[in-house]
Amino acid sequence: MNPSAILDIRPEVAVALRECSPIVALESTLISHGLPWPINIETARGGEKAVREEGAVPATIAVLHGRPTVGLSDSELEIFAKGEGILKASRRDLAVAISKGHTAGTTVAATMFIAHQAGISVMATGGIGGAHRLPANLWDISSDLFELARTPVAVVCAGAKSIVDIPRTLEILETLGVPVIGFGTDEFPSFYVRSSGRPVSARVDTPEEAAKICQAHWQLRGGGIVLAQPVSTDFALDSSELELALARAEKEAVDAKIHGPALTPFLLARLAEATDGKSLRANRASVIENARLAARIAKGMCTMAR
Ligand code: PSU
Ligand code: MN
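Quantities reported herein were computed from a predicted structural model and do not represent experimental measurements.

**Student:** Describe empty space enclosed by the protein, with residues and values.
**Tutor:** According to the stated counting rule, one finds 2 cavities of 30 Å³ or more in the structure shown. Taken as a whole, the largest cavity encloses approximately 80 Å³ of empty space. If you trace the largest cavity, you find it lined by Leu26, Glu27, Leu30, Ile31, Thr43, Ala44, Gly47, Thr60, Ala124 and Val287. Listing elements by their share of the lining of the largest cavity, those giving two or more residues are helix H2 (29-34) and helix H3 (39-53). If one sorts the elements of the lining of the largest cavity by residue count, H3 sits on top with 3 residues. Considering only residue class, the lining of the largest cavity consists of 6 nonpolar, 3 polar and 1 charged. Here the second largest cavity is characterised by a volume of approximately 40 Å³. Every residue lining the second largest cavity is listed: His132, Arg133, Leu134, Asn137, Glu250, Leu263 and Leu267. Looking at side-chain class alone, the lining of the second largest cavity contains 3 nonpolar, 2 polar and 2 charged residues.

Below, the structure written as structure tokens:
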């Protein structure tokens, strides 16, 4: 069976697909697990609104009662934001969530996969997952990286979450053949912080240039592409501030024996406390700005396809 047959593609998205008009997929784990109420619903709505302002159709993706759904309604966004009994589904969890009828927020990896099955080629998030930093978590490498290797979707983000080992994450992306493109920057951003000090593989300064690279990569049968833009200066944290809070959060995670899928949500929550909510506001701002940029890139792709 064609995997797209089990998707619930909502009418507005289905029309946009038929007409080849621009669509931006948005992930839902950041709503259900990455951010607390009510900043999570503000972020979800803000991302959708930014996409619409640019003349594209937003499609937030999640698994709803076992149905991979493309284009959640506003009241459904709220279900994920309130987060009761909602699972976190990465790529390997999709089949289980579907067969057991679960409701689950989808990570970047799972969102990319569903978006591609639906025929959507651009998505936005805050930060992608990566390779975790501590020796205890040496093998904890986000499935996002492997999905980027094989699924042709452009992921607009503010880099990899600052909670991961950025140099190792970039090495893995290189090994996997994933272009890491900086939007208006030569350095890979690290989510809350505007730069990691590490170079990107190429830089672009317009959405059209970004769309052209995606088109060429896909003509070469490439998979995903990371398109990273730094969080705006109004909301960025400085790296020493973050490093201190992160070191403490990691120690707590080790002491509490937190690992696996629970690790990312745990570290994000601890950082929010340690930075007095600054990390949350940076996260919200970057999701919204990434959604806006993703819409511009999606428009560029539509223009090229015509
Ligand atoms: N970006 C955010 N907040 C998040 C995440 C990303 O701004 O909560 C989520 C994404 O869904 C990403 C996931 O795919 O964290 C990575 O989790 P893991 O390290 O367990 O693969
Ligand atoms: Mn992991």
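**Student:** A description of the layout of surface pockets should follow, citing residues and the corresponding values.
**Tutor:** By volume, the largest pocket amounts to about 610 Å³. Lining the largest pocket are 31 residues, and of these Lys88, Ser90, Thr107, Ser142 and Thr264 sit closest to its centre. At the level of secondary structure, the elements contributing two or more residues to the lining of the largest pocket comprise H2, helix H7 (143-150) and helix H11 (263-274). At 4 residues, the largest contribution of residues to the lining of the largest pocket is made by H2. Looking at the lining of the largest pocket residue by residue, the class counts come to 8 nonpolar, 16 polar and 7 charged. Taken as a whole, the second largest pocket holds about 360 Å³ of empty space. Gly119, Ser121, Met301, Cys302 and Ala305 are, among the 20 residues lining the second largest pocket, the residues nearest its centre. Elements with a minimum of two residues in the lining of the second largest pocket: helix H1 (11-18), helix H9 (207-219) and helix H12 (278-305). For the lining of the second largest pocket, the class distribution of residues is 15 nonpolar, 5 polar and no charged.

**Student:** Got a sec to walk through the pairing of strand E4 (residues 67-70)? Specific residues and values, please.
**Tutor:** By the bridge criterion, 2 bridges tie strand E1 (residues 8-9) to E4 in an arrangement that is parallel. Following the sheet pairing, Ile9 is matched in E4 by Val70. With 4 bridges joining them, strand E3 (residues 57-64) and E4 adopt antiparallel strand pairing. The residue of E4 that forms the bridge with Ala62 is Thr69.

**Student:** Help me get a handle on the side chain of Thr29, residues and values and all.
**Tutor:** With respect to the helices, strands and loops of the structure, Thr29 is situated in helix H2. At 3.1 Å, the side chain of Thr29 forms a polar contact with the backbone nitrogen of Thr107. In contact with Thr29, not counting residues within four places along its chain, are Gly34, Lys88, Gly105, Thr106 and Thr107.

**Student:** Could you give an account of the nonpolar core, naming the residues involved and the relevant values?
**Tutor:** One finds Val70, Ile120, Ile128, Phe188, Tyr192 and Val226 to be the most contacted residues of the largest nonpolar core, which totals 61 residues. Looking at which element gives the most residues to this core, the answer is helix H6 (residues 108-118), with 7 residues. Once residues lying within four places of it in the same chain are set aside, the contact partners of Ile120 are Val13, Leu17, Ile23, Ala25, Ala59, Val70, Ala115 and Val153. With 24 residues, the next largest nonpolar core counts Ala210, Cys214, Ile297 and Met301 among its residues.

Reading the values: the criteria
Residues numbered from 1 in each chain as written. Chains lettered and ligands numbered in written order. Predicted model: local features only at pLDDT ≥ 70, side-chain atom pairs only at ≥ 80, totals over all residues. Heavy atoms only, no water. 1 Å grid on protein atoms, 1.4 Å probe; cavity = no way out; pocket = protein on both sides within 12 Å on 5 of 7 lines; lining within 4 Å. Points joined across faces, edges and corners; volume = space filled by probe spheres on them. Helix = DSSP H or I, 4+ residues; strand = E, 2+ residues; numbered from the N terminus. Nonpolar A, V, L, I, M, F, W, Y, C, P; charged D, E, K, R; others polar. Pairing = 2+ DSSP bridges. Polar contact = N/O pair within 3.5 Å; in protein donor to acceptor, adjacent residues only side chain to side chain. Contact = heavy atoms within 4.5 Å. Core = buried A, V, L, I, M, F, W, Y, C linked by side-chain atoms within 4.5 Å. Buried < 20%, exposed > 50% of the residue type's maximum accessible area, 1.4 Å probe, protein only.

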